[in-house]
Amino acid sequence: MRASSKFLLILCLSMTILQFGAFAREFKGGTVKGVIRTADGQPARFVSISIDNAGWGDISNDSGEYSIKNIRPGHWTIRIAAVGLQELKREIDIRENQTLEIDFTINETAVELQEVIVRARTNSSTDNASSLIAKMPLKNLENPQVYNSVGADLMTQQAVTNYDDAMRNVPGISKTWSSTGRAGDGASYFALRGLDAQPFLVNGLPGLTSGDLDPADVAEIIVLKGPSAALYGGSMLSYGGMINTITKQPYFEYGGEAGYQFGSFGLNRVTADINLPLSKTQKIALRVNTALHSENSFQDAGFKKSFFIAPALTYEVNDRLTFKVLMEVLEENRAVPPVFFNSDRLSPLPFKNLEELNLNRDLSFTSNDLTIKNPKFNVQAQMLYRLSDKWTSQTVVSGSSIKADGIYTYIWDDVPGDNLFSQYFHNELTTTTTLDVQQNFNGDFMIGPIRNRLLLGLDIYHRNVIDNGSAWAWGRNVTPQGEFNYVDPFTGKEAPELALTKAGIDNLLSASPASLTNITNNSYSAYASDVINLTPRLSAMLSLRADYNDSKGERSIKDDDFHQWAFSPKLGLVYQPILHRLSLFVNYMNGFINVAPIQVANPDGSNARAKSFKPEHANQWEAGFKAQLIDDKLQATVSYYDIHVSDRVVSDPTNVNNQIQGGKVGSKGLEIDLSTQLTPGLSLIAGYAHNETKVLAGNSEDFYSEPGRSPGGQGPSDMGNFWANYTIKSGGLKNFGLGLGANVAGSYKVIDNSVTGVFTLPGYQLFNASVFYDHPKYRLSINLNNFTNEEYYIGYWSVNPQPGRSFVASLAFKF
């Protein structure tokens with residue numbers, strides 16, 4: 001019996017055993033309800049109240065009322081606690097069928113409470129962000145999966161003007177490739193736990209991009225760690241984790257913010273965030289976020305101009321039914337510097353390091369006339385319906401359309417050893433559309449003395465890619481120092497001089513045939529996840545996804561269709577030795593990617609045919625602890641993980657025309673994440689990550705799968721991040737503040753092969769600082785990034801220079 005089959009059998013038996021006996025004793029739990037008021041006698045809205053040692057709780061409504069049902073008989077502690085509020089506790093004893101009415105009065109006035117609520121909604125995460133991680137309401141200490149969060153408030157402190165920079169606050173992730181705008185892989189690439197990741201989720205749903213993402217509508221970025229196919233499927237990269245963007249949600253008060261930022265490299269950015277209640281009698285609200293962005297490159301050419309707008313509408317019909325609609329529109333036009341690939345991946349490297357390569361980091365090897373457009377349209381609509389006190393329904397429809405339209409170029413070492421690198425050009429013209437429909441049911445109920453939080457879901461995903469782009473064409477040779485010639489590296493003949501203009505590249509590509517491909521994929525999934533509280537301190541998460549992938553492939557080719565099943569289990573155990581303060585966890589998680597058929601042939605080239613493959617799978621074991629101490633002012637997560645990716649398709653060592661399955665990659669490491677706000681006005685975050693990623697099995701003669709070597713794109717092995725922000729709370733300097741941060745990374749093998757040799761990018765230390773004045777009505781700030789002007793590089797089998805010292809000045813008005 002295969003390991004996966006054994007696991008499924010154990011999983012089913014475990015669920016049966018855990019539930020058995022729960023029926024032995026049926027009872028009706030007790031209820032606690034009441035009203036929460038402010039110090040001046042007004043209803044306290046949106047205040048969280050919970051039962052210690054159990055995790056039951058509620059949020060007060062517009063009248064300040066709350067109700068907590070199905071409380072197991074016994075002695076309990078009721079707790080009211082939130083950032084910005086003084087904690088309140090009350091001891092109770094409750095019996096079966098008993099209803100207790102307990103009212104609370106918090107120390108804050110209605111005005112003070114409103115300031116806390118509005119600031120939280122405007123600058124921090126959305127109310128349902130935690131629900132989007134496990135697709136059910138589950139607190140961090142209850143969740144056996146590790147995740148990190150970057151909120152809008154932190155992004156404001158750091159004057160983040162592009163999405164990628166927010167990732168410097170997350171341990172275990174590093175950027176390896178800036179957005180190229182190309183079709184298929186045009187979004188930024190990150191190494192997450194040593195494996196590929198891209199920001200492909202919006203509010204837990206597919207939200208593709210082929211260019212940059214704008215941070216104007218970001219309430220929170222959640223980076224989920226580890227293979228996550230059990231809840232999110234195999235249509236997105238997920239072996240090391242997933243990047244989930246949570247958008248800003250409307251609220252039912254008037255408010256907003258308008259801002260302007262300018263800085264180095266011609267940065268000019270105008271933003272607006274406007275929230276409008278649309279009815280005096282009904283709970284309808286509209287929130288619009290928009291940004292106009294213009295920026296040049298730090299190199300001799302390159303720019304970005306974009307316009308972004310994201311309207312969101314919420315309509316709470318009643319206390320049971322809510323509708324939400326979100327739309328994102330991005331128009332982006334850029335001149336993108338090419339990726340510099342310094343190896344042909346076959347021959348010994350003539351350059352082993354940056355000093356020997358001597359790349360002029362100020363050169364872009366392009367011009368501002370070679371542009372690419374990446375328009376994006378994303379829409380999400382959902383209906384939330386409370387079926388009963390125990391069950392809720394979520395129906396979601398999500399659609400995306402992205403386009404790559406324009407010139408892209410890259411540099412490649414065709415003839416090693418001559419210090420000349422070929423520059424290739426391509427006309428991108430590809431449109432990708434997706435449609436996703438999900439139906440989720442969430443239950444929170446008791447079976448005997450055991451609490452169950454159950455998710456049942458169905459997911460239908462459709463993707464269509466139409467590519468009318470040109471073929472690739474060689475245009476010229478360049479040296480790392482910026483010299484160039486037009487000698488064809490294959491024929492040795494002099495080619496016509498190439499002008500780096502749109503007309504020049506169009507003329508070069510005029511003889512290249514368009515690809516004219518049309519590829520369609522569909523997946524149909526069902527999934528379930530149950531969090532079972534075996535005791536108040538011990539809980540288990542059991543999850544399983546069944547995915548049927550039906551690929552129609554290229555419409556003009558009949559034999560490239562394929563269909564297959566994939567199963568993705570997930571298991572987690574959480575034990576809280578100190579309830580609501582400290583949890584120990586262990587998890588097993590799985591991810592998969594469906595592999596399309598590949599054209600293969602016999603060694604002599606005969607018998608050409610399409611060959612099908614099983615899905616690739618990644619399996620992770622992880623253990624660690626999470627802590628929320630000192631009245632939740634100190635949060636910490638420490639974990640150790642071990643990921644094995646199996647069934648990778650690699651070249652056949654006995655047949656150059658064949659591909660076989662059986663490649664393996666291993667990734668293991670340690671992550672530490674800390675955040676604290678021990679004193680008023682002072683907040684700190686810090687993180688450290690160590691990772692080792694190696695090819696475990698493959699083809700010793702293949703550049704991409706040589707056992708014992710780094711596979712490429714894994715990022716630095718050691719990384720650290722830190723940010724401190726202090727706001728003066730009283731005196732003549734009240735509202736003034738300072739911020740200071742650092743990002744440190746070790747060396748990184750971008751090429752690691754016994755034939756080509758090793759090319760290592762050096763480590764780096766980046767230091768950032770800010771000074772600001774944060775008044776309740778406006779904010780002024782100046783941020784200085786990489787203020788030591790460190791020269792540093794990233795890469796994915798490549799060498800990509802990064803910006804030096806830069807500043808951003810920000811002005812924002814709040815209303």
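What counts, and at which threshold
Per-chain numbering applies: the sequence of each chain, read as written, is numbered from 1 onward. In keeping with the model being predicted, local features are shown solely for residues with a pLDDT of at least 70 and side-chain atom pairs are shown and tallied solely at 80 or more, while totals for entire chains, interfaces and linings include all residues. Water and hydrogen atoms play no part in the side-chain values, which are based on all heavy atoms of the structure. Numbering of helices and strands runs from the N terminus; a helix is a DSSP stretch of H or I covering at least four residues, while a strand is a stretch of E covering at least two. Buried, partly exposed and exposed residues are distinguished by accessible area as a fraction of the type maximum, computed with a 1.4 Å probe on protein chains only: under 20%, between the cut-offs, and over 50%, respectively. Two residues form a contact once any of their heavy atoms are found within 4.5 Å. Only strands that DSSP links by at least two bridges are regarded as paired with each other. Note on geometry: axes are lines fitted to C-alpha atoms, helical ones only across the stretch in contact, with angles between N-to-C directions running from 0 to 180 degrees. Each Phe, Tyr or Trp ring (for Trp, its six-membered ring) is paired with any other whose centre lies within 6.5 Å, and the angle between the two planes then decides the class: stacked below 30 degrees, edge-to-face above 60, tilted in between. In this analysis the charged atom, NZ for Lys or CZ for Arg, is taken to sit over a ring once it is within 6 Å of the ring centre and within 35 degrees of the ring normal. Among the buried residues, those of types Ala, Val, Leu, Ile, Met, Phe, Trp, Tyr and Cys that are joined through side-chain atoms within 4.5 Å form a nonpolar core. Two N or O atoms count as a polar contact when they lie within 3.5 Å, although within protein this holds only if one can serve as hydrogen donor and the other as acceptor, and sequence-adjacent residues are included solely when both atoms are side-chain atoms. Nonpolar side chains (Val, Leu, Ile, Met, Phe, Trp, Tyr) within 5 Å and like charges within 9 Å form the patches, drawn only from residues with over 30% relative accessible area and no salt bridge. Note on areas: these come from Shrake-Rupley sampling with a 1.4 Å probe, and a residue is covered only by the protein chains present in the view. Salt bridges are defined as contacts in which a side-chain nitrogen from Lys or Arg sits within 4 Å of a carboxyl oxygen from Asp or Glu. Per-residue confidence from the predictor is reported as pLDDT, a score between 0 and 100.

Asker: Sorry, what's going on with the overall build of the protein chain here?
Answerer: A count of helical and extended segments in the protein chain gives 7 helices and 47 strands. Taking the principal axes of the C-alpha coordinates as reference, the protein chain spans close to 90 × 70 × 45 Å. When burial is assessed residue by residue, the protein chain has 53% of its 815 residues classed as buried. Relative to all contacts within the protein chain whose residues are 6 or more apart in sequence, the contacts with residues 24 or more apart total 67%.

Asker: Looking at this model, I keep getting lost on the sheet that holds strand β2 (residues 48-51). Mind explaining?
Answerer: Two modes of strand pairing occur in sheets, parallel and antiparallel, and in both the strands are linked by backbone hydrogen bonds. Here 4 strands make up an open sheet; going across it, the order is β3-β2-β5-β6 and the pairing antiparallel. Looking at the sheet topology across the chains shown, the edges are occupied by β3 (57-59) and β6 (88-94). For this sheet, the mean inter-axis angle between neighbouring strands, taken without regard to orientation, is 15°. Sheet analysis places β2 next to β3, joined by 3 bridges and oriented antiparallel. Residue pairing for β3: isoleucine 49 is matched across the bridge by aspartate 58.

Asker: Help me understand the sheet that holds strand β15 (residues 218-225) in this model?
Answerer: Read from one edge of the open sheet, 5 strands run β9-β15-β16-β13-β14, paired in mixed fashion. Only two strands of the sheet have a single neighbouring strand rather than two, namely β9 (147-151) and β14 (205-206).

Asker: Sorry if this is basic, but what is going on with the packing of aromatic side chains here?
Answerer: The description of an aromatic ring pair uses the distance of the two centres, along with the angle that the planes make with each other. Enumeration according to the criterion identifies 31 aromatic pairs in this entry. On the basis of an interplanar angle of 10° and a centroid distance of 6.1 Å, the ring pair of tryptophan 565 and phenylalanine 567 is categorised as stacked. The class for tryptophan 565 is exposed, based on a relative accessible area of 52%. On the basis of relative accessible area, phenylalanine 567 is assigned to the partly exposed category, the value being 41%. Clustering of aromatic rings is evident, with ring pairs tying together Trp177, Tyr189, Phe341, Tyr408, Tyr410, Trp412, Tyr424, Trp472, Phe703, Tyr704, Tyr796 and Trp797. The ring of phenylalanine 104 is capped by arginine 90, whose NZ or CZ atom sits 4.8 Å from the centre of that ring.

Asker: Can you help me understand the nonpolar core in this one?
Answerer: Generally speaking, nonpolar side chains in soluble globular proteins are found buried as a group. Counting residues in hydrophobic clusters, the biggest one holds 41 residues, and the most contacted among them are Leu357, Phe759, Leu761 and Val799. When contributions to this core are tallied by element, the ones reaching two or more residues are α6 (354-357), β24 (391-412), β25 (421-447), β27 (473-478), α7 (502-509), β41 (748-753) and β42 (757-761). In terms of residues, this core owes the most to one element, β24, which gives 5 residues. Setting aside chain neighbours within four positions, we find leucine 357 in contact with Phe340, Asn342, Phe351, Phe421, Pro480, Gln481, Phe759 and Val799. Core analysis: the next-biggest nonpolar cluster, separate from the first, contains 23 residues, Ile133, Tyr147, Met242 and Val531 among them.

Asker: Looking at this model, I keep getting lost on the side chain of glutamine 439. Mind explaining?
Answerer: Within the secondary structure, glutamine 439 sits in strand β25. In this structure glutamine 439 comes out as buried when scored by relative accessible area, which is 19%. Polar contacts involving the side chain of glutamine 439 include one to the side chain of serine 393, which spans 2.9 Å. Reaching out from glutamine 439, the side chain makes a polar contact with the side chain of threonine 395 at a distance of 2.5 Å. With sequence-adjacent residues up to four places away left out, glutamine 439 is seen in contact with Ser393, Gln394, Thr395, Leu456, Gly457 and Leu458.

Asker: Quick question: what am I supposed to make of the pairing of strand β32 (residues 582-593) here?
Answerer: Side-chain positions along a regular strand alternate between the two faces of the sheet. By the bridge criterion, 7 bridges tie strand β31 (residues 562-578) to β32 in an arrangement that is antiparallel. Paired with valine 574 across the two strands is phenylalanine 585, which belongs to β32. Connecting β31 to the antiparallel partner β32 that follows it, the hairpin turn spans 3 residues, and histidine 580 within it adopts a positive phi of roughly 65°. Pairing analysis gives 12 bridges linking β32 to strand β35 (residues 616-629), with the strands arranged antiparallel. Across the sheet, tyrosine 588 pairs through a bridge with tryptophan 621, a residue of β35.

Asker: Would you take a moment to explain unusual backbone geometry for this structure?
Answerer: Peptide bonds are trans in most cases, and residues, glycine excluded, mostly fall at negative phi. At arginine 193, a residue that is not glycine, the phi angle is positive and equals roughly 55°. With respect to the helices and strands, the residue arginine 193 is situated in the loop between β11 (189-192) and β12 (195-197). Assessed through its relative accessible area of 1%, arginine 193 is described here as buried. Unlike most non-glycine residues, asparagine 607 shows phi in positive territory, near 55°. Locating asparagine 607 in the fold gives a position in the loop between β33 (598-600) and β34 (609-611). Given the relative accessible area of 47%, asparagine 607 is considered partly exposed.

Asker: Is there a simple way to explain a nonpolar patch on the surface in this structure?
Answerer: Where nonpolar side chains cluster on the molecular surface, the patch consists of Tyr260, Phe262, Val270, Leu292, Phe307, Leu738, Val771, Ile782, Leu784 and Phe807 and spans about 860 Å² of accessible area. Only β17 (255-263) and β44 (778-785) provide two or more residues apiece to the nonpolar patch. Within the fold, phenylalanine 307 resides in strand β20 (residues 303-316). For phenylalanine 307, a relative accessible area of 36% corresponds to the partly exposed category.

Asker: Would you mind showing me how to read the confidence of the model for the protein chain here?
Answerer: When pLDDT is low, close inspection of the predicted coordinates is not appropriate. The predicted model of the protein chain has a mean per-residue pLDDT of 90, with 93% of residues at 70 or higher. Between residues 1-27, whose pLDDT stays under 50, and residues either more than four places distant or in other chains, the model counts 35 contacts. The low-confidence segment residues 120-128 (pLDDT under 50) makes 25 contacts with residues lying over four places distant or belonging to another chain.

Asker: Looking at this structure, how should I read the pattern of salt bridges?
Answerer: Pairing between side chains of opposite charge can happen when the charged atoms of each approach one another. One pass over the structure, following the stated rule, counts 27 salt bridges. A salt bridge links aspartate 103 to arginine 37, with the nearest nitrogen and oxygen atoms 4.0 Å apart. With aspartate 103 in the loop between β7 (99-101) and β8 (104-105) and arginine 37 in strand β1 (residues 30-37), this pair connects stretches of sequence that are 66 residues apart. The exposure class of arginine 37 is partly exposed, given its relative accessible area of 35%.

Asker: Hey, could you run me through the pairing of β1 in this one?
Answerer: Of all 8 residues in β1, 6 are buried; the element is thus mostly enclosed. Relative to strand β4 (residues 65-71), β1 runs antiparallel, the two sharing 5 bridges. What sits directly across from lysine 33, in β4, is serine 67. Across 3 bridges, β1 lies against β7 in parallel orientation. If you follow threonine 31 over to β7, its bridge partner there is threonine 99. Bridge count between β1 and β8: 2 bridges; the pairing is parallel. When the bridges of β8 are listed, arginine 37 appears paired with threonine 105.

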